[in-house]
Structure formats: C-alpha cells, structure tokens
Amino acid sequence: MSLRDWFSQRVKKNLDSTKVESRMSCDDLSKLWTKCYNCNASLPSKDLEKNLFICPKCDYHFRIDARTRVEQFLDENTFDEINSGMLPSDPLEFIDTVSYKVRQKKAKVQSSLNDAVITGIGQIKGYKTAVAVMDFAYMGGSMGSVVGEKITRLIEEGVRRHIPIVVITSSGGARMQESALSLMQMAKTSCAIARANEAGVLYMTVLAEPTFGGVTASYGTLGDIIIAEQGARIGFAGRRVIEQTIRQKLPANFQTAEYLLKYGQVDLVSHRKDLKNTVAKLIRIHSCKNNCKIEIQEEVAVND
Amino acid sequence: MIKDIKPLEFEKSIFQIEAKIEELKALSGETGIDLSDQIETLTVQAKEFKEELYSSLTPSQKIQIARHPNRPNFTDYISLLANDWVELHGDRAGTDDRAIIGGVACIDGHSAVVVGTQKGKNTKENLKCNFGMPQPEGYRKALRLFYHAERFGLPIITLIDTPGAYPGIKAEQTGQGVAIATNLREMAKLTVPIIAVITGEGCSGGALGLGVANKVFMLEHAYYTVISPEGCASILWRSPEHTSTAAEALKITATDLMKFDIVDGVIKEPLGGAHYDPEYTAKQLKETIINCINIFSTKGKEFIKNSRYDKFRNMGVFVE
C-alpha cells in the first residue's frame, strides 16, 4: 500500500465515521421533538413526557406503552410483576404474509415485551391492587392465549388476596393468529370475572385508546366500574366494518369515550391526569364502607 | 338428490352423474330396455365419488355447505327435535330481536330451555331475522331465558349459526360488546347444564355469546372461528382473494377444533350436508343432546358449574 493509498483510506474512514455521527445526531434531534397527531404542534419530547404524554396545546392523549402507564398509574416502585416469563406459542403454525413466529419476534423488539400485557401487584395511593396493563405496540395489543392466561391469573390472584383488580386495556381485539384459541380467551377471562363477582372483589377497567373486538366483548366491558380514558376510541366492531355494512359514513365522534358516555356504556370518562386519583377514590369508597367519609376528608386535607 | 337444492360449484359433477342416472332410468322405463346393470354401476360409482368428495372437503368447501341457503335453521331443528315448544319473546326492555329465538321445549320427555340464532332461507325471511346477526338486545333476550332456566332447574340447549353479531351504529350505542361479555360471565355462574351446538356458522364473539357451555358440539360441516375468513384475509393479506388460504390457516373445522379441546364432539351429517336430510341430522342432534342431559342429570349443581369453569380455564396454548 502506497502512502497515498493509505492516506486516502484514512480520509474515507474519517468521512464515514462523521457521516454516522451526523446521522445519529439527526436521530437524537428528532427524538427531542414530537409532533402531535391531532394538532400537528411540535412539542419538546421531555415536556410531553412530563405532561403524561398529553399534548399541552390540544389535550390530545398520546397512546402510551405499558411500562410508562405503570409508572404514571402506580405509586413509585411498588409494581411486582407476575408471570413475566410467559411466552406466546404458535399452535396453529399460522402463516399469512409473514409467519406468526416472525411477527412475535418483531413485536418483541418493537415493544420490549413478551406479549401484549403486563400484570402484577402494585399500589395506587397506598391501596394494594392487582393491575394489568395492555400494550398496543405488541401486535396491536391483540389478545391470544398469553394475554388471556395472564389476565385470568391476575384476576385469580386478586380474588385470592381479596384486593381490587384494575385492567387497563388497549387492544384491537382477539389475535387472529391463534383463531379459536383466542376466541376462547374471551370465555376464560369472563369466567374468572364471574368468580371475582361472587367473591365480592372489585373489578375495574380503564378503556384506553383503542379498545375493540374481543377485548370489548369480554373483560374490557365487564368492569364493576368502567372508566374510559378521554379521547379513546372504544367499540365492538371496527369503524370500517360498520361503514361497509351500513354503506354510510360515520360521524367523527363515533365510538369515542365521550360518545359511549352519552349512550350509557361507560361509568365515566377520565382525563389521564385524573385517572390515578379517580381510581384510588373508587377503591377507597368500596373498601372502607363505615369510616369512608373520614378517610376521604383526610385525603383532601393531604392534597391541599 | 332433492330436486330443488342448487348444487354448489364443487358439487356440479355429482349432479351431472345423478342426472345421467335419472336419464337412464327414464329411458329404460320408456323403451323397456334393461339398463339395470349400467344404472347399478353408475349408482355405486356416484356413491363412492360422493363419499370421497364429502370426506375430504377443504375448509372453504365446508363453509359453503355451512352457509347453504337450504341448510336447516333454528325453527327447522326445533320442529324436528321438540315434542312441545313454546316460544318466549323479548328482552323485557323494549325489543324482540328476531335473530335470536328462544323458548321452552320438551325433547323426548326432557324439559329444556332452547335458545339459538335464526337464519332465513330467502331474502324476506333474512330481512326479518337480520341474516342471523343478533343485536345486543338478542343477547339480552338469551340471557333472561338462561336465568329462567336457572330458576326452574332446566338444562339449556343453544343452537348456534351466525355470521357474527351485527356491526351497526345502534348496536354500538346499545352495547354489543358488553351484551356478549355479560353472557359469557353470566353463563359461567349458572348451575344448570348448558349444551351448545354449532349447527352452521360459528363466527366470533357473536357465536361465543351463546357458547359458554358444559359441552360444545359441532355439526360435521359447521365451522367455528375468531373472525370470518373473509375478514381475516382482508386484514392480514389485505385482499379478499386470499379467503380460502385464510380459511385453511384459521383451523376452523370440527376436526381441527377437537384437537385443541375447544369442541367436545362432532355430530354426523348426511352425505352432502344437513340440508339433504334434515330429519337424519335432527335425529343425530337429538341423540347427542339427550345423552348429555342424561349424564348431567346425575351431577350436582356445583359440579356442573365448576366443570364448566375448568373446561374454559384450561383453554389456551403458551410457553412458560
């Protein structure tokens, strides 16, 4: 290698590395800012995170991942995850344009989760609660055998410990790749809720953006109390399916949390900032009965 | 073959052979020529061909049989199964959904509450029963009849044949999701035996809303799935052309579902499907139902409820 060649290679290498660096800094830059899907405002990502991923300009609630939800919703460092090692299988050996196995791998990378739900025991303002949080990033939050089993076990754990159960949903519905096995998860989870009912254990659901299909038609809407997060779209059939069936356009607010409230399908609509307080208050009212009034007053005093 | 049944695409060759046999018979009658040998050979061949064809149907072909316009519907089965039958209408909240029919029946001396989805055989009938797609009110009617059964200790029989719960504006407003979900939960609480039979289409939550049973059976050519193959193809393959591939992938036939313990048994249909001999089909159906009722009549309430819970509790395949 001549000196000239050696030198030119050095220059090329340096150029390549600066290219990579500049690309990385570009990525970092784009991570610093997030565009609101609703009002198109460019928002500093840090501010958005501090604001619980709610657009400060238009109040749009961004979809959040399960871990972030746990952080927002539970008292700090109180979440003990259970059944975290459970993994999906591929009983039907399902292949569409991509095999189910490959979809599972991709979803795991995208969401950093083993399947579309995390479950565990945590505290909400000091109240020990069995909590499940679904994550839309894992195959659209779809419900297959793992989701069904983890939700069922969580409900059973809540019943065993006689503590309230809260499930936060975000799901497109049953997972097609497990076909009838997914369908049966609707029955399985609902049967578990029947036992919670009989044991007098409070079961609450928070329907977050989006909640549809088999999740709506099972544990999603079986809450003793159903809370819809502001702006969330919630329904049984998808908007497109309904439009195709009835051959007409649907109003923009169709299947929103507020729409469902109007038609008596949810108990209340909550802003994300109020969610923890509201759930804690509901747990308190259901758990203390006689000295309930006193405790609420105390809580107000603390808040003030 | 019954004359007024329209052949499905894959059945056309059988219809041609049978037409040929009829022709030969007519010819022999008219001319007096003895053609019995030829007729006999053709008849045997036709039978063998049919047996071969109907025992190796693809999922898509089974779907066509399950959706056949001549397939017996709820009212057909009731008239063939029950010695006595009184239909009980309405959800007691303003609606009588005609897509779900229910009532009390006496079947071979056994009293029962029978509830099922209803399909029509022509457009007029189908408009009345909404093509077998219930509204939330239909599921609520079913539930109030389930409670009726519980109150009087009557076994519940559900006959399921639906392309799914209806996807409409009003259905969303009045809670299609919660209506189905409530049935799933409340069926889990009942202490009377529940026997469900998928007689045709068992599509999605709309079918499961009547299907949380102690024993679940399927007619031989019925199918049971989380989503219609058409819907699955349009979502996953983004094209309805892949419907038959989706039908294969979804494992929707009775034999497939037996493997996953989702279905407890398959009820035999006559050659060609239930519509070729509704009496035979109903007889098989009745035997299965009566057999189940007899088994459960010796069991206690707790056993009936807990064994149903355990059945669904064990469903699902995962790695741990």
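As a reminder, the structure under discussion sits directly above these lines.
This structure is a prediction, so every number in the text was calculated from the model and none was measured. In every chain, residue numbers begin from 1 and rise along the written sequence. Lettering of chains starts at A and numbering of ligands starts at 1, both following the order in which they are written. Given that this is a predicted model, residues contribute local features only at a pLDDT of at least 70 and side-chain atom pairs are listed and counted only at 80 or more, while totals for whole chains, interfaces and linings are drawn from all residues. Hydrogens are left out, water is left out, and the side-chain values use all remaining heavy atoms of the structure.

Draft legend 1. Molecular detail of the interface of chain B and chain A. Whether two residues touch is decided by their heavy atoms; if any such pair falls within 4.5 Å, the residues are in contact. Between chain B and chain A, the residue contacts involve 48 residues of the former and 60 residues of the latter. Buried area: the sum, over both parts, of the accessible surface (1.4 Å probe) that disappears when the two are put together. Summed over both sides, the interface between chain B and chain A buries roughly 4800 Å², with carbon and sulfur atoms accounting for 68% of that surface. Should a side-chain nitrogen of Lys or Arg be within 4 Å of a carboxyl oxygen of Asp or Glu, the pair is scored as a salt bridge. Summed over the shared surface of chain B and chain A, the result is four salt bridges. Looking at the side of chain B that touches chain A, the elements with two or more residues in it are helix 7 (169-173), helix 8 (176-189), helix 9 (204-208), strand 7 (223-225), helix 10 (229-237), helix 14 (301-313) and strand 9 (318-319) of chain B. Per-element tally for the side of chain B that touches chain A: the top contributor is helix 8 of chain B, with 10 residues. In the scheme used here, Gly and all other residues not listed as nonpolar or charged are polar, with Ala, Val, Leu, Ile, Met, Phe, Trp, Tyr, Cys and Pro taken as nonpolar and Asp, Glu, Lys and Arg as charged. For the side of chain B that touches chain A, the class distribution of residues is 29 nonpolar, 12 polar and seven charged. Whether two strands pair depends on DSSP finding at least two bridges between them. Only DSSP runs of H or I covering at least 4 residues are called helices, and only runs of E covering at least 2 are called strands; the numbering of each starts at the N terminus. Two elements, strand 4 (residues 87-88) of chain A and strand 9 of chain B, share two bridges in a ladder whose sense is antiparallel. Counted as the bridge partner of L87(A) is V319(B) from strand 9 of chain B.

Draft legend 2. Looking closely at the nonpolar core. Only buried residues count toward a nonpolar core, which is a set of Ala, Val, Leu, Ile, Met, Phe, Trp, Tyr and Cys residues joined through side-chain atoms within 4.5 Å. We call a residue buried when its accessible area falls under 20% of the maximum for its residue type, exposed when it is over 50%, and partly exposed in between, using a 1.4 Å probe and counting protein chains only. If you look at the biggest cluster of nonpolar residues, it comprises 131 residues, and the most contacted ones within it are F94(A), I165(A), Y219(A), F146(B), Y224(B), C232(B) and I262(B). The biggest single contributor to this core is helix 6 (residues 179-199) of chain A, with 11 residues. L74(A), V133(A), L202(A) and A208(A) belong to the second-largest nonpolar core, a separate cluster that totals 24 residues.

Draft legend 3. Main features of the packing of aromatic side chains. Here a Phe, Tyr or Trp ring, Trp counted by its six-membered ring, pairs with any other such ring whose centre lies within 6.5 Å, and the pair is stacked when the planes are under 30 degrees apart, edge-to-face when over 60, and tilted otherwise. Going through the model one piece at a time under the given rule, you end up with seven aromatic pairs over all chains. Aromatic pair Y37(A) and Y60(A): ring centres 6.2 Å apart, planes at 80°, arrangement edge-to-face. Remark: Y60(A) occurs in the loop between helix 2 (45-50) and helix 3 (66-73) and Y37(A) occurs in the loop between strand 1 (33-35) and strand 2 (42-44); sequence separation between them is 23 residues. Between Y259(A) and Y263(A), the ring centres sit 5.0 Å apart and the planes meet at 50°, which makes this aromatic pair tilted. Through pairs of rings, three or more aromatic residues link up here, namely Y37(A), Y60(A) and F62(A). Throughout this description, the term charge over a ring refers to an Arg CZ or Lys NZ atom that lies within 6 Å of the ring centre and within 35 degrees of the ring normal. In this arrangement the basic side chain of R195(A) is found over the ring face of Y309(B), its NZ or CZ atom lying 3.5 Å from the centre.

Draft legend 4. View of the sheet that holds strand 7 (residues 165-171) of chain A. Residue and element names in this part refer to chain A. Read from one edge of the open sheet, seven strands run 3-5-6-7-8-9-10, paired in mixed fashion. Two strands bound the open sheet, and with one partner strand each, they are strand 3 (80-82) and strand 10 (268-270). Shown here is a sheet whose adjacent strand axes are inclined to one another by a mean of 25°, direction ignored. Sheet topology note: the strand 3/strand 5 (residues 117-124) ladder contains three bridges and is antiparallel. Pairing of E81 across the sheet is with G120, part of strand 5. In this analysis, axes come from line fits to C-alpha atoms, helices being fitted only over the stretch in contact, and the angle between any two N-to-C directions falls in the range 0 to 180 degrees. Along the sheet, helix 7 (residues 213-220) makes contact with strand 6 (127-134), strand 7, strand 8 (203-211) and strand 9 (225-229), crossing strand 8 at roughly 170°. Contacting strand 5, strand 6, strand 7, strand 8, strand 9 and strand 10, helix 10 (residues 272-288) crosses the sheet at an angle of about 170° to strand 9.

Draft legend 5. Looking closely at the pattern of salt bridges. Residue and element names in this part refer to chain B. The tally for this structure, following the rule as stated, stands at 39 salt bridges over all chains. Between R71 and E269 there is a salt bridge, and its shortest N-O distance comes to 2.7 Å. One end of the pair, R71, is in the loop between helix 3 (59-66) and helix 4 (74-81); the other, E269, is in the loop between strand 8 (265-267) and helix 13 (278-297), with 198 residues separating them in the sequence. Given a relative accessible area of 3%, R71 falls into the buried group. Residue classification places E269 among the buried residues on the basis of a relative accessible area of 2%. Where K286 meets D108, a salt bridge forms, and the shortest distance between an N and an O atom there is 3.4 Å. Of this pair, K286 sits in helix 13 while D108 sits in the loop between strand 2 (100-107) and strand 3 (110-117); the two residues are 178 residues apart in sequence, bridging distant segments of the chain. On the basis of relative accessible area, K286 is assigned to the buried category, the value being 18%.

Draft legend 6. View of the state of the cysteines. Any cysteine sulfur atom paired with another within 2.5 Å is treated as part of a disulfide. Applying the stated rule across the entire model yields zero disulfides over all chains. With no disulfide of its own, C36(A) lies closest to C58(A) among cysteine sulfurs, the gap being 3.7 Å.

Keep in mind these numbers describe shape, not what the thing actually does.
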